[in-house]
Amino acid sequence: MSKAILYDSTLCIGCKACEGGCAERWGLPYNDKIAAEERISAHKLTAVETHGERFSRRLCMHCAEPTCVSVCPVGALQKTSLGPVVYDAEKCMGCRYCVQACPFQVPSYEWNERLPKMRKCDMCFERQSQGKQTACAEVCPTGATKNGDRDQLLAEARQRIAEKPGQYYGKIYGVKEVGGTSVLYLSAVPFEQIGLRTSVPQEALPDLTWRVLELTPDVVSTGSVLLGGIWWITNRRGEVARKEGPRK
Amino acid sequence: MKLKLPKVTVWRAILAVILLSGLYATYLRIRYGLGGSTNLTDQFPWGLWIGFDVLCGVGLAAGGFTLVAIVHIFNIERYKPILRPAILTAFLGYSLVVVALMFDLGRPDRIWHPLIMWNPHSVMFEVGWCVTLYSTVLFLEFIPVVLEKFGWHKPLGWIHNISVPLMIAGVLLSTLHQSSLGSLYLIVPEKLYPLWYSPLLPLLFYISAIAVGLSMTIFESWHSSRAFGRALELSLLASMARVLAVLMSAYLWIRFLDMAHRGVFGLLLRNRTETWLFALEIALMAVPTVLLYQRKVRMSPGALYACVVMVLFGFIANRLNVAVTGMEASSGTHYIPKWTEVAVTLSIVGAGFAIFRVVAEYFPIFEAHPSNEEAPRKVAEMEAVAVAVK
């Protein structure tokens, strides 16, 4: 059963308790100055954004087929069967392809460290493995952030829309975006109005590069035969010419 | 013998200044990390070092595999005199790309990780492996020059024995990673500006790499003929220029078709930075292509040189447009490299020129054929072995 987070923007009061809970879980500093930053970064793995009277939360989307997992040359990022996308800092060599490729601009790099790592939300993989809630869901006073099984949360989100159609923009963000994500959003207004990227493709991105990469064995085998053959033909021609040359 | 101090010339003075600033920039990179030495951010994580040093560096070194294929696989022997400089450029180019990567990677001490930690789904993983393997191939293709100089004939024979599979491997590895540098950007369909994002990126990167490989070879021959007072192999270069013109035409035509099919010509009407830099890139490629169709241009050393330089700049413009210009709009930020990034890049280029010159002076890179450019065919037995290997 794959875990997920459901964030209901209509229930969020912008108290930023999730930010505090997250900082505590990671052992990151948290104060008024950091609270005022409305952007995720290497020292702030989730951020509450203000969009007029509405709020929105940014965190790793934990895609079903994550772009970051596919681009990482050393396999430092993995999609767990539990749902979270986790990161092994010991493998990472700092190429930042994940930062470049993520369609949600989530991974952050520790630019000012001498031995830097990438930082991002891991949906409290350890806590969830022990059957606990994510830190953000646990501290949320209004239930705007809810943690649970993806199927159940999806059903619940649909039910909320069905029960109060007037209060919701009738769609759930994260169902189809880049092939589906483990963070789902509900909103009263179209998603771009609360800062979500609606331009992302509806299919998983890793296919775009795999379609080319999977041709590698074909290119190598066909190329070897072709180049070897050309060499054999042209070289033979040279040999013949050399032997016949002196006769004239 | 008295130790002679190198003469101070303008170029040497400029090089010294560049290398000194590069040295200081290196100190800043090590001391303050990427944040203190670059203008890179989470919004713009790849800058000049990837855009120029890696993307352009690998492309500009493509002459090595192009000429190996022409001379040793297609057996067009008359290009032999310019094969060695092309291999030297490639070998130097790839070595310098690795140096640049050491600056750009957050953890350069882990540059070897992809060799043991695999992810075949990653384009970067494939590039890492290909570049490592191809650098080894280039080393083996270049080392005969050194062996020859010191008269070590035994290892020369060993390399000769594996030379054909080695050269084929080199061409294949180059095909894979030159195109893969384009594939790196396939994964950002909504981030890269549509003038540059195309499913054909790998093909376009590959063709332009071959074209720029030929251009670099002509560029080098031209410069080395001045530096070392050799005769210019003009008829040879002119016939290469003809191939270059055809390749560039094919490249531009594919780009035109690709844009037509994707229906993005409307973007050219917008008055944006992207439009102007795109126009510059295309002009730098199209103008020399048209000119090179004329015999007069191909046969005039000055005009030929000017055309080739335009192609080189067009290529650089293309890679920087993909890596920087095209990625800016979606990033929501503006990236201009910090002086330290520029200093490191210039130092790497400067070091490349300087090392090439020194190696070319002390090792048999350019074959001795003083006046007649259709070089004498009668080469000594030993030399023939060496020639076959390179």
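Everything that follows concerns the structure shown earlier in this document.
Cut-offs used in this document
Residues numbered from 1 in each chain as written. Chains lettered and ligands numbered in written order. Predicted model: local features only at pLDDT ≥ 70, side-chain atom pairs only at ≥ 80, totals over all residues. Heavy atoms only, no water. Helix = DSSP H or I, 4+ residues; strand = E, 2+ residues; numbered from the N terminus. Rg over C-alpha atoms; globule rule 2.2 N^0.38 Å. Buried < 20%, exposed > 50% of the residue type's maximum accessible area, 1.4 Å probe, protein only. Contact = heavy atoms within 4.5 Å. Areas by Shrake-Rupley, 256 points an atom, 1.4 Å probe, with all protein chains shown as cover. Lys, Arg positive; Asp, Glu negative; His and termini not counted. Charge placed at Lys NZ, Arg CZ, Asp CG, Glu CD. Core = buried A, V, L, I, M, F, W, Y, C linked by side-chain atoms within 4.5 Å. Pairing = 2+ DSSP bridges. Patch = residues over 30% accessible without salt bridge, like charges linked within 9 Å, V, L, I, M, F, W, Y side chains within 5 Å. Salt bridge = Lys/Arg side-chain N within 4 Å of Asp/Glu carboxyl O. Expected span 1.5 Å × (residues − 1). Bend = angle between axes of the 7 residues up to and from the residue. Polar contact = N/O pair within 3.5 Å; in protein donor to acceptor, adjacent residues only side chain to side chain. Buried area = accessible area lost by both parts, 1.4 Å probe. Nonpolar A, V, L, I, M, F, W, Y, C, P; charged D, E, K, R; others polar. Phe/Tyr/Trp six-rings, centres within 6.5 Å; stacked < 30°, edge-to-face > 60°. Lys NZ or Arg CZ within 6 Å of the ring centre and 35° of its normal. Axes fitted to C-alpha atoms, helices over the stretch in contact; angles between N-to-C directions. Parallel < 35°, antiparallel > 145°, perpendicular 65-115°, else oblique. Left-handed = near helix turned anticlockwise from the far one by under 90°.

> How should the overall build of chain A be read in this particular structure?
From N to C terminus, chain A includes nine helices and nine strands. Relative to its length of 248 residues, chain A is extended, with a C-alpha radius of gyration of 25 Å against a globular reference of 18 Å. Along the first, second and third principal axes, the C-alpha atoms of chain A reach 100 × 45 × 35 Å. Put simply, chain A has 248 residues, and 52% of those count as buried. In chain A, of all internal contacts separated by at least 6 residues, the share reaching a separation of at least 24 is 58%. By element, 53% of the accessible surface of chain A is carried by carbon and sulfur atoms, the whole surface being about 11,800 Å².

> Looking at this structure, how should I read the overall build of chain B?
Regarding its fold elements, chain B presents 15 helices and zero strands. For chain B, the spread of C-alpha atoms along the three principal axes comes to 60 × 50 × 45 Å. Every one of the 390 residues in chain B was classed for burial, and the buried ones make up 57%. Partitioning the contacts of chain B with sequence separation of at least 6, the portion at a separation of at least 24 is 80%. With an accessible surface of roughly 16,900 Å², chain B has 72% of that area assigned to carbon and sulfur atoms. Counting 30 positive and 22 negative side-chain charges, chain B places the centres of these two groups 6 Å from one another.

> Looking at this structure, how should I read the environment of Pro108(B)?
Relative to the helices and strands, Pro108(B) resides in the loop between α4 (83-104) and α5 (113-116). Aside from chain neighbours lying at most four places away, what touches Pro108(B) is Arg29(B) and Met102(B).

> Is there a simple way to think about the nonpolar core in this case?
Nonpolar side chains in soluble globular proteins generally cluster together in the buried interior. In terms of nonpolar packing, the biggest core is built from 176 residues, with Tyr97(A), Phe104(A), Tyr185(A), Tyr185(B) and Leu192(B) touching the most fellow members. Setting aside chain neighbours within four positions, we find Tyr185(B) in contact with Tyr97(A), Gln100(A), Trp46(B), Ile50(B), Leu55(B), Leu192(B), Tyr197(B), Leu201(B), Val322(B), Ala323(B) and Met327(B). Judged by nonpolar contacts, the second largest core, of 10 residues, contains Ala4(A), Leu153(A), Ala157(A) and Tyr168(A).

> Help me understand the pairing of strand β3 (residues 54-58) of chain A in this model?
The two faces of a sheet get side chains in turn, since along a regular strand they alternate between them. Residue and element names in this part refer to chain A. When you tally the buried positions in β3, you get four out of five residues, the bulk of the element. The pairing of strand β2 (residues 47-51) with β3 spans five bridges and is antiparallel. For His51, the partnering residue across the bridge sits in β3 and is Arg54. Linking two consecutive strands that pair antiparallel, namely β2 and β3, is a turn of two residues; a positive phi of about 65° is found at Gly52 within it.

> Explain a nonpolar patch on the surface to me, please; I cannot follow it from the model alone.
On the surface, Trp253(B), Phe256(B), Leu257(B), Phe265(B) and Leu268(B) cluster together to form a nonpolar patch covering roughly 450 Å² of accessible area. Within the secondary structure, Phe256(B) is located in helix α10 (residues 234-262).

> Sorry if this is basic, but what is going on with the pattern of salt bridges here?
If charged atoms from side chains of opposite charge come close, those side chains can pair. Across all of its chains, the model carries 20 salt bridges over all chains by this definition. Note that Arg107(B) is salt-bridged to Asp109(B), the shortest N-O span being 3.0 Å. Classification of Arg107(B) as buried rests on a relative accessible area of 12%. The salt bridge involving Arg357(B) is made with Glu361(B); its shortest N-O contact spans 3.5 Å. Of the two residues, Arg357(B) and Glu361(B) both sit in helix α14 (residues 339-362), four residues apart, roughly one turn of that helix. Taking the relative accessible area as the measure of exposure, Glu361(B) reaches 45% and is therefore partly exposed. Overlapping salt bridges bring together Asp8(A), Lys146(A), Glu156(A) and Arg160(A) as one network.

> Any chance you could explain helix α13 (residues 301-331) of chain B here in plain terms?
Side chains three or four residues apart in an α-helix point the same way, a direct result of the helix having 3.6 residues per turn. Residues and elements named next belong to chain B. Here α13 spans 44 Å end to end across 31 residues, near enough to the 45 Å set by a 1.5 Å rise per residue. Along α13, the sharpest kink reaches roughly 50°, centred on Asn321. Counted residue by residue, α13 has 22 buried out of 31 residues, so it is predominantly covered.

> Help me out: how do you make sense of the side chain of Arg160(A) in this one?
Residue and element names in this part refer to chain A. Assignment of secondary structure puts Arg160 in helix α7 (residues 150-163). A distance of 2.8 Å separates the side chain of Arg160 from the side chain of Asp8, its partner in a polar contact. Those residues in contact with Arg160 that lie beyond four places of it in its chain are Leu6, Asp8, Leu11, Gly143, Lys146, Tyr168 and Leu186.

> Honestly, the interface of chain A and chain B in this entry has me stumped. Any pointers?
Between chain A and chain B, the contact holds 58 residues from the first and 56 residues from the second. Of all residues in chain A, Met93(A), Gln100(A) and Trp111(A) give up the largest surface area on contact with chain B, accounting jointly for 17% of the area buried on that side. In this assembly, chain A and chain B are joined by 23 residue pairs in polar contact (both at pLDDT 80 or more). Contributions of two or more residues to the side of chain A that touches chain B are made by α3 (67-71), α4 (97-101), β6 (108-109), α8 (206-213) and α9 (216-244) of chain A. At 12 residues, the largest contribution of residues to the side of chain A that touches chain B is made by α9(A). For the side of chain A that touches chain B, the residue count by class is 33 nonpolar, 17 polar and eight charged.

> How do you make sense of a negative patch on the surface when you look at a structure like this?
Residues and elements named next belong to chain A. There is a patch of like negative charges on the surface, built from Glu65, Glu203, Asp207, Glu214 and Asp218. Counting through the fold element by element, Asp207 comes out in helix α8. For Asp207, a relative accessible area of 36% gives the class partly exposed.

> Any chance you could explain the packing of aromatic side chains here in plain terms?
The geometry of an aromatic ring pair comes down to the distance between the two centres and the angle between the two planes. Inspection of every chain in the model, using the stated rule, returns 26 aromatic pairs over all chains. Ring geometry for Tyr24(B) versus Trp339(B): centroids 6.0 Å apart, planes at 15°, classification stacked. A residue pair is termed long-range when its members are at least 10 positions apart, and Tyr24(B) in helix α1 (residues 10-37) and Trp339(B) in helix α14 qualify at 315 residues. By relative accessible area, which is 46% here, Tyr24(B) ends up partly exposed. In this structure an aromatic cluster arises from ring pairing among Tyr7(A), Tyr169(A), Tyr173(A), Tyr185(A) and Phe191(A). Arg78(B) extends its terminal NZ or CZ atom over the ring of Tyr79(B), reaching a point 5.3 Å from the ring centre. Seen from the ring of Phe363(B), Lys149(B) lies directly overhead, with NZ or CZ sitting 5.8 Å from the centre.

> I'm lost on the packing of α4(B) against α14(B) in this one. Help?
If you want to describe how two helices pack, look at the angle between their axes and the distance between the axes. Residues and elements named next belong to chain B. In contact at an axis separation of 10 Å, α4 and α14 are set at 150° when each is read in the N-to-C sense. Judged by the angle between their axes, α4 and α14 are roughly antiparallel. The element α4 and its partner α14 pack so that their crossing is right-handed. Taking contact as the criterion, the partners of Pro85, Leu88, Thr89, Leu92, Leu96, Val99, Ala100 and Phe103 in α4 are, on α14, Val344, Ile348, Gly352, Ile355, Phe356 and Val359. Broken down by class, the residue content of the contact of α4 with α14 amounts to 12 nonpolar, two polar and no charged.

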